[in-house]
Amino acid sequence: MFREFKRAWKQAVDNFWQELEGDGSGDAAYREVGRVRNQLTELDDAITETGQRLADEREQVEVCVRRERMAREIGDEETAGVAREYRDRHLERAAVLEQKQSALEAERRLCIRDLKEMEKALQEGRVRSARIELEDLDRHPSESEFRNLEETDRSRSADERLDELKRRMGK
């Protein structure tokens, strides 16, 4: 699970920077930011689930300690031994879950840091793009340039709708 989060996160960040630097449109960069936000939500869910499992294991440790004590009080060493064995198992699981939770929280901190950097870079790219557009207002585009822009916009819009349809269909 950690490898999947790490691989997906690295891929999202790499894609973000490629798209932001690539065509200058930033459309894909916005999608990457959205994808990273979704991954952050998945990390939050995983942290919550791990925390609940950890609490359950700690509760089971307490139950086993209580059972061991009660068994000793009545002189049942066999039951006390079984309770001790299960206590040790729950302690081991709890230790692993603590490590998992710690790793997920560290991954979440990295994710938040990178997301902030991506959003900042995207914002700076928008500002830079707006400056270029303002500079372009001084010149008067020809009719053919308008047609080219409209065709490009229609094509991009169709591609986006097709991508969305493919995503919804699971392809």
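Structure: see above.
Scoring rules and cut-offs
- Residues numbered from 1 in each chain as written.
- Predicted model: local features only at pLDDT ≥ 70, side-chain atom pairs only at ≥ 80, totals over all residues.
- Heavy atoms only, no water.
- Helix = DSSP H or I, 4+ residues; strand = E, 2+ residues; numbered from the N terminus.
- Buried < 20%, exposed > 50% of the residue type's maximum accessible area, 1.4 Å probe, protein only.
- Contact = heavy atoms within 4.5 Å.
- Areas by Shrake-Rupley, 256 points an atom, 1.4 Å probe, with all protein chains shown as cover.
- Core = buried A, V, L, I, M, F, W, Y, C linked by side-chain atoms within 4.5 Å.
- 1 Å grid on protein atoms, 1.4 Å probe; cavity = no way out; pocket = protein on both sides within 12 Å on 5 of 7 lines; lining within 4 Å.
- Points joined across faces, edges and corners; volume = space filled by probe spheres on them.
- Nonpolar A, V, L, I, M, F, W, Y, C, P; charged D, E, K, R; others polar.

Draft legend 1. Quick look at the overall build of the protein chain. If you tally the helices and strands in the protein chain, you get four helices and zero strands. Moving toward the C terminus, one meets the helices and strands of the protein chain in the order α-α-α-α. Looking at the protein chain as a whole, 25% of its 171 residues are labelled buried. Partitioning the contacts of the protein chain with sequence separation of at least 6, the portion at a separation of at least 24 is 78%. For the protein chain, the accessible area works out to roughly 12,800 Å², and carbon and sulfur atoms hold 49% of it.

Draft legend 2. Focus on the nonpolar core. Formed by 13 residues in total, the largest nonpolar core has its most connected members in Val33, Val36, Leu104, Cys111 and Leu115. Put simply, the parts of the chain that give this core at least two residues each are α2 (27-73) and α3 (77-136). A per-element tally of this core places α2 first, with seven residues.

Draft legend 3. Representation of the layout of surface pockets. The space that makes up the second largest pocket amounts to roughly 240 Å³. As for the second largest pocket, its lining consists of Arg31, Arg35, Glu160, Asp163, Glu164 and Arg167. Those elements that place two or more of their residues in the lining of the second largest pocket are α2 and α4 (143-169). Considering every element that reaches the lining of the second largest pocket, the biggest residue donor is α4, with four residues. Taken together, the residues of the lining of the second largest pocket break down into no nonpolar, no polar and six charged.

Draft legend 4. Summary view of the environment of Glu98. The residue Glu98 is located in helix α3 in this model. Owing to a relative accessible area of 36%, Glu98 belongs among the partly exposed residues under this scheme. With 47 residues separating them along the chain, Glu98 and Gly51 place their C-alpha atoms 8.2 Å apart. Once residues within four sequence positions are removed from consideration, Glu98 is found in contact with Leu54 and Arg58.

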